[in-house]
Amino acid sequence: MEQARYYKKNGAETIALTANSYSVLNQVTDFAISYDTPQNRKGHINVTTQVPIVYTLEQISNCAYHKMVDQVDNRFSEHVTDW
């Protein structure tokens, strides 16, 4: 929470990835991605699965990679066609 508030105060855009759409972090950040998985606890230990967030991060990185590659390909083809 302190880091989110710090970055937001200093002009950064903030993103939260949380297992609870009602979390305080979601309310503080500019953009929130929630996957609403109930917490699973064994005594004091939180054993909630992390699979949904790993999948979400993989999808985001895959999309970002393809957008980056497409931009590089487009810039390259513009220079090649100029000749």
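From a predicted model like this one, the values you see are computed outputs, not experimental measurements.

Asker: Explain unusual backbone geometry residue by residue, including any values.
Answerer: A positive phi is found at Asp36, a non-glycine position, where the angle reads about 35°. Summarising the element assignment, Asp36 is placed in the loop between β2 (31-34) and β3 (41-42). Residue classification places Asp36 among the partly exposed positions, given a relative accessible area of 47%.

Asker: Explain the side chain of Asn26 residue by residue, including any values.
Answerer: Relative to the helices and strands, Asn26 is located in helix α2 (residues 24-28). Only 2.5 Å separates the side chain of Asn26 from the side chain of Ser34, close enough to count as a polar contact. If sequence neighbours within four positions are ignored, Asn26 has contacts with Ala16, Thr18, Asn20, Ser21, Ala32 and Ser34.

Asker: Any chance you could break down the confidence of the model for the protein for me, citing the residues and the numbers?
Answerer: Put simply, the protein has an average pLDDT of 87, and 89% of its residues get 70 or more. The secondary structure element of the protein with the lowest average pLDDT is helix α3 (residues 51-82), at 81, and the one with the highest is β3, at 94.

Asker: Describe the environment of Lys8, and please don't skip the residues or the numbers.
Answerer: Considering the arrangement of structural elements, one finds Lys8 in helix α1 (residues 2-9). With residues near it in sequence (within four places) discarded, Lys8 still touches Thr14, Val28, Thr29 and Asp30.

Asker: Give me the lowdown on the pairing of strand β1 (residues 15-18), citing residues and values where you can.
Answerer: Here β1 shows a clear split, with Ala16 and Thr18 buried on one side and none of Ile15 and Leu17 buried on the other. Bridging between β1 and β2 involves 4 bridges; their strand directions are parallel. Bridging across to β2, Ile15 finds its partner in Phe31.

Calculation criteria
Residues numbered from 1 in each chain as written. Predicted model: local features only at pLDDT ≥ 70, side-chain atom pairs only at ≥ 80, totals over all residues. Heavy atoms only, no water. Helix = DSSP H or I, 4+ residues; strand = E, 2+ residues; numbered from the N terminus. Buried < 20%, exposed > 50% of the residue type's maximum accessible area, 1.4 Å probe, protein only. Polar contact = N/O pair within 3.5 Å; in protein donor to acceptor, adjacent residues only side chain to side chain. Contact = heavy atoms within 4.5 Å. pLDDT = per-residue confidence, 0-100. Pairing = 2+ DSSP bridges.

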